[in-house]
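So you can see what is in the structure, the chains are spelled out below.
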Amino acid sequence: MVMSKVLEIQSALRQLPSREQWEVARWLLDELEEGNGHAANGQNGDSVPALPDYAARRRRIFGDKILPNMVLASRSEDRW
């Protein structure tokens, strides 16, 4: 039996005993957390690449230092 609509899936889940409904819910949450669900995939089924965490990299290199904005510093030194 192939279910193609959300309403069909919802009605099929409601017919299950509550224990089996929870098992399906736990499975679905695990799939979504792992990124294997369709919500984490792109249009073509390709997974979306994770972007680098530049803030974490900066903290790892410089610690908690507050870095000056070099663009503003150089503009204040320029003569207009």
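Residues numbered from 1 in each chain as written. Predicted model: local features only at pLDDT ≥ 70, side-chain atom pairs only at ≥ 80, totals over all residues. Heavy atoms only, no water.

S.K.: What should I look at first to understand the overall build of the protein chain in this one?
M.R.: Regarding its fold elements, the protein chain presents 4 helices and 0 strands. Beginning at the N terminus, the succession of helices and strands in the protein chain can be written as α-α-α-α. Accessible area for the protein chain stands at about 8100 Å²; split by element, carbon and sulfur atoms hold 56% of it. (Helix = DSSP H or I, 4+ residues; strand = E, 2+ residues; numbered from the N terminus. Areas by Shrake-Rupley, 256 points an atom, 1.4 Å probe, with all protein chains shown as cover.)

S.K.: When you look at helix α2 (residues 18-34) in this model, what are you seeing that I'm missing?
M.R.: In an α-helix, one turn spans 3.6 residues, which is why side chains three or four residues apart end up on the same side. Under the 1.5 Å per step criterion, the end-to-end length of α2 is 24 Å for 17 residues, consistent within 8% with the ideal 24 Å. Where α2 terminates, the next one or two residues include Gly 35, which has phi positive at roughly 85 degrees. (Expected span 1.5 Å × (residues − 1).)

S.K.: How should I be thinking about the environment of Arg 58 in this particular structure?
M.R.: Residue position: Arg 58 is located in helix α3 (residues 54-62). In this structure Arg 58 comes out as partly exposed when scored by relative accessible area, which is 39%. Residues contacting Arg 58, with those up to four places away along its chain left out, are Gly 63 and Leu 67. (Buried < 20%, exposed > 50% of the residue type's maximum accessible area, 1.4 Å probe, protein only. Contact = heavy atoms within 4.5 Å.)

S.K.: Is there a simple way to think about a nonpolar patch on the surface in this case?
M.R.: Together, Val 24, Trp 27, Leu 28, Leu 29 and Leu 32 give the surface a local cluster of nonpolar side chains, amounting to about 480 Å² of exposed area. Looking at the element boundaries, Trp 27 is found in helix α2. (Patch = residues over 30% accessible without salt bridge, like charges linked within 9 Å, V, L, I, M, F, W, Y side chains within 5 Å. Salt bridge = Lys/Arg side-chain N within 4 Å of Asp/Glu carboxyl O.)

S.K.: Is there a simple way to think about the pattern of salt bridges in this case?
M.R.: It is possible for side chains of opposite charge to pair when their charged atoms get near one another. Here the structure, examined in full by the defined rule, presents 1 salt bridge. The salt bridge involving Arg 19 is made with Glu 23; its shortest N-O contact spans 3.8 Å. Of the two residues, Arg 19 and Glu 23 both sit in helix α2, 4 residues apart, roughly one turn of that helix. Relative accessible area serves as the criterion here: at 44%, Glu 23 is assigned to the partly exposed category.

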